[in-house]
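A structural walkthrough
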2 protein chains.
Amino acid sequence: MAEQGVLIGVGLGPGDPGLITRRAAGLIEAAQVIAYPALAGGESFARSIAADLIPAGAAEIRIDVPMSRARKPAQDAYDQGAAEIAAHLQAGRDVVALCEGDPLFYGSFMYLQARLADRFLVEVVPGVTSITACAAQARLPLAARDGVVTILPATLPDAQLSARMDGAETLVLMKLGRHLPRIRTFLAAQGLLDRATYVARAGLPDGVCLPLAEAPEEAPYFSMILVAKETDPWL
Amino acid sequence: MAEQGVLIGVGLGPGDPGLITRRAAGLIEAAQVIAYPALAGGESFARSIAADLIPAGAAEIRIDVPMSRARKPAQDAYDQGAAEIAAHLQAGRDVVALCEGDPLFYGSFMYLQARLADRFLVEVVPGVTSITACAAQARLPLAARDGVVTILPATLPDAQLSARMDGAETLVLMKLGRHLPRIRTFLAAQGLLDRATYVARAGLPDGVCLPLAEAPEEAPYFSMILVAKETDPWL
């Protein structure tokens, strides 16, 4: 039986093509087949980060994920994408799955992996996460020595945020979007407003880094708040 | 007055030179001056990751950090390193500070930044963290959707680990070293042993990835345990 292809999930970093790793760049440039998610029929952010590296003749598998609170539409999209990927792998062709940020950090690569790892080999090339890109943009230390870092989706209700924030020196609140005003009010009530930094689209030309008190009313999806409760940078 | 140089902290990733970003690689290849930490007079891990990229004529500033429980010896080392860096910056030369992993994620770059940022411009290029490299090696999702991720140093006593573990779907226990047996016992008592994966030297030729129950008695410094309490990869 002919050898099957390998599914390779590659992290592209947060959006600046310069933050693609050398290994990921080499894999994309040599790819026969690429796959990538796209939201609700719009442009694929993942593909746009890697665009200059994609070889002219590569076959492309676009996984259109509908905007929907229900899970089934997205499940169907990943079923469909996985089936197309499987056909290439079966035929002996590797498939490079493009992932913004890092494939396994709050990403969607796991949905392809879950559908394909029982039959095919899967490899993952890690990427730069949006968290470290935001910290770099803000030049904020993300913990040191014995500090605890807690990463929370801003979608959680205030009571859950409260419970999970104790005991962490550094907090990262992701997926801000329309939750920004509530989070700002919440952090102010906790006495943490002056320890909070808002970062959006880190590393991109329109990237923004501001004290949270000065942040806009609405945040794009690719934004977060970093709260450094205690970091002593002097050792 | 002549223009001063910029201090640029570049993340190198966890050890595989292929995981250096394209931007970091370009900065190192063009560097007039590089700086890097080395532990107790031994080889510098950071320098070894970037070795093939360092230009032949570059000036090198080696920051020898002594092994010591006291903070003063390390403080003195960073004072000395910062002074050498400042001399180059003052003379108009950029200094590229090599950082294993990511500069601001549990790193030592903040100690240079704290000493120099008041007088000089500082830039940070984020890198791939050891956490995402370990997840990639283990092919383990590091949280999805509304999951909470808590990153803890394994140096914390059991009672503090306990308190901080609640409410997180994913736990990352770093800086294992000699704490591995205690952590293994602790996680077993919490009923989490079968959800725990041990990863050491991710991405390197001698990298290891095992169920925690099968891990050795002692772990190198660059190792961690990933605990996936609940991740449903099927959406």
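Since the structure is predicted, the reported quantities are computational estimates derived from the model, not experimental observations.

Rules behind the numbers
- Per-chain numbering applies: the sequence of each chain, read as written, is numbered from 1 onward.
- Labels are handed out in written order, letters beginning with A for the chains and numbers beginning with 1 for the ligands.
- Thresholds applied to this predicted model are a pLDDT of at least 70 for local features of residues and 80 or more for the giving and counting of side-chain atom pairs; totals over whole chains, interfaces and linings are not thresholded and use all residues.
- Side-chain metrics in this entry use all non-hydrogen atoms of the structure; hydrogen atoms and water are not considered.
- Helix and strand definitions here come from DSSP, where helices need a minimum of 4 consecutive H or I residues and strands a minimum of 2 consecutive E residues; each element is numbered from the N-terminal end.
- Whether two residues are in contact is decided by their heavy atoms, any of which lying within 4.5 Å being enough.
- Exposure categories follow from relative accessible area, calculated using a 1.4 Å probe and restricted to protein chains: below 20% of the type maximum is buried, above 50% is exposed, and the middle band is partly exposed.
- Two strands pair under a simple rule: DSSP has to find at least two bridges between them.
- Think of each axis as a best-fit line through the C-alpha atoms, taken over the contacting stretch in the case of a helix, with angles from 0 to 180 degrees between the N-to-C directions.
- Ring geometry is summarised as follows: Phe, Tyr and Trp rings, the Trp one being its six-membered ring, pair when their centres sit within 6.5 Å, and such pairs are stacked at plane angles under 30 degrees, edge-to-face over 60 and tilted between the two.
- Domain delimitation in this document rests on an assignment produced automatically or drawn from a domain database.
- The term buried area means the drop in 1.4 Å probe accessible area that two parts suffer when joined, counted for both and summed.
- Only one rule defines a salt bridge in this text: a Lys or Arg side-chain nitrogen within 4 Å of an Asp or Glu carboxyl oxygen.
- Here a polar contact is taken to be a pair of N or O atoms separated by no more than 3.5 Å, where protein atoms must pair a possible hydrogen donor with a possible acceptor and residues adjacent in sequence count only if both atoms sit in side chains.
- Note on residue classes: Ala, Val, Leu, Ile, Met, Phe, Trp, Tyr, Cys and Pro are nonpolar, Asp, Glu, Lys and Arg are charged, and everything else, Gly too, is polar.

**Remarks on the environment of Met224 of chain A**
Residue and element names in this part refer to chain A. If you trace the backbone, Met224 turns up in strand S10 (residues 223-228). In this structure the C-alpha to C-alpha distance between Met224 and Leu180, which are 44 residues apart in sequence, comes to 9.0 Å. Beyond its immediate chain neighbours, meaning those up to four positions away, Met224 contacts Ser130, Ile131, Cys134, Val172, Leu173, Met174, Leu176, Thr197, Tyr198 and Val199.

**Regarding unusual backbone geometry**
Trans is the prevailing form of peptide bonds, just as negative phi is the prevailing case for residues other than glycine. Even without being a glycine, Arg201 of chain A presents a positive backbone phi close to 50 degrees. A relative accessible area of 29% means that Arg201 of chain A is categorised as partly exposed. Residue Arg139 of chain B is not a glycine yet carries a positive backbone phi of 55 degrees. Mapped onto the elements, Arg139 of chain B comes out in the loop between helix H5 (130-138) and strand S6 (149-153).

**Things to note about the sheet that holds strand S8 (residues 196-200) of chain B**
A sheet is described by the order of its strands in space; here 10 strands give the open sequence S9(A)-S8(A)-S10(A)-S7(A)-S6(A)-S6(B)-S7(B)-S10(B)-S8(B)-S9(B), paired in mixed fashion. Each end of this open sheet is capped by a strand with a single partner; those strands are strand S9 (208-211) of chain A together with strand S9 (208-211) of chain B. Put simply, the sheet's adjacent strands are angled 15 degrees from each other on average, direction ignored. As defined by bridge partners, strand S6 (residues 149-153) of chain A adjoins strand S7 (residues 170-174) of chain A across five bridges and the pair is classed as parallel. Bridge assignment links Leu152 of chain A to a residue of S7 of chain A, and that residue is Leu173 of chain A. Sheet strands touched by helix H7 (residues 180-189) of chain B: strand S7 (170-174), S8 and strand S10 (223-228) of chain B. Its angle to S10 of chain B, the strand with the most contacts, is close to 10 degrees.

**Considering the packing of aromatic side chains**
For any pair of aromatic rings, the description consists of the separation of the ring centres together with the inter-plane angle of the planes. Taken as a whole and judged by the stated rule, the model has four aromatic pairs over all chains. Seen in terms of ring centroids, Phe105 of chain B and Tyr106 of chain B are 4.9 Å apart; in terms of plane orientation they differ by 85 degrees. Their pairing is edge-to-face.

**Observations concerning the domain arrangement of chain A**
All names here are of chain A. On domain assignment, one finds that chain A holds domain 1 (6-125) and domain 2 (130-228). Here domain 1 and domain 2 have C-alpha centroids that lie 28 Å from each other. Contacts between domain 1 and domain 2 engage eight residues on the former and 12 residues on the latter. Between domain 1 and domain 2 lies a buried interface of about 780 Å² when both sides are counted; carbon and sulfur atoms form 71% of it. It is Pro14, Phe105 and Tyr106 in domain 1 that bury the most area against domain 2; as a group they hold 58% of the surface buried on that side. Along the contact surface separating domain 1 from domain 2 lie zero salt bridges.

**Structural notes on the interface of chain B and chain A**
The partner chain A presents 59 residues to the 60 residues of chain B that form the contact. Buried area between chain B and chain A, summed over both chains or domains, comes out near 5200 Å², and the portion from carbon and sulfur atoms is 61%. Between Arg23 of chain B and Asp16 of chain A there is a salt bridge, with the nearest N and O atoms lying 3.9 Å from each other. Connecting chain B to chain A are 20 residue pairs in polar contact (both at pLDDT 80 or more). Of all the secondary-structure elements, those providing two or more residues to the side of chain B that touches chain A are helix H1 (22-29), helix H3 (72-90), helix H4 (109-116), strand S5 (122-125), H5 and S6 of chain B. A class-by-class count of the residues in the side of chain B that touches chain A yields 35 nonpolar, 13 polar and 12 charged. In this sheet, S6 of chain B lies alongside S6 of chain A in antiparallel orientation, the contact comprising three bridges. What sits directly across from Val149 of chain A, in S6 of chain B, is Ile151 of chain B.

**Concerning the pairing of strand S2 (residues 33-39) of chain B**
Residues and elements named next belong to chain B. Extensive coverage of S2 is indicated by the burial of five of its seven residues. Here seven bridges tie S2 to strand S3 (residues 59-65), and the two strands are oriented parallel to one another. Among the inter-strand pairings, Leu39 is bridged to a residue of S3, identified as Val65. With three bridges joining them, S2 and strand S4 (residues 95-99) adopt parallel strand pairing. Across the sheet, the residue bridging to Ile34 is Val96, located in S4.

**Things to note about the side chain of Arg184 of chain A**
Residues and elements named next belong to chain A. Structurally, Arg184 is set in helix H7 (residues 180-189). Arg184 sits in the buried class, given a relative accessible area of 12%. Within the structure, Arg184 has its side chain in polar contact with the backbone oxygen of Pro216 (distance 3.2 Å). For Arg184, the contacting residues outside a window of four places in its chain are Leu193, Leu212, Ala213, Glu214, Ala215, Pro216 and Glu217.

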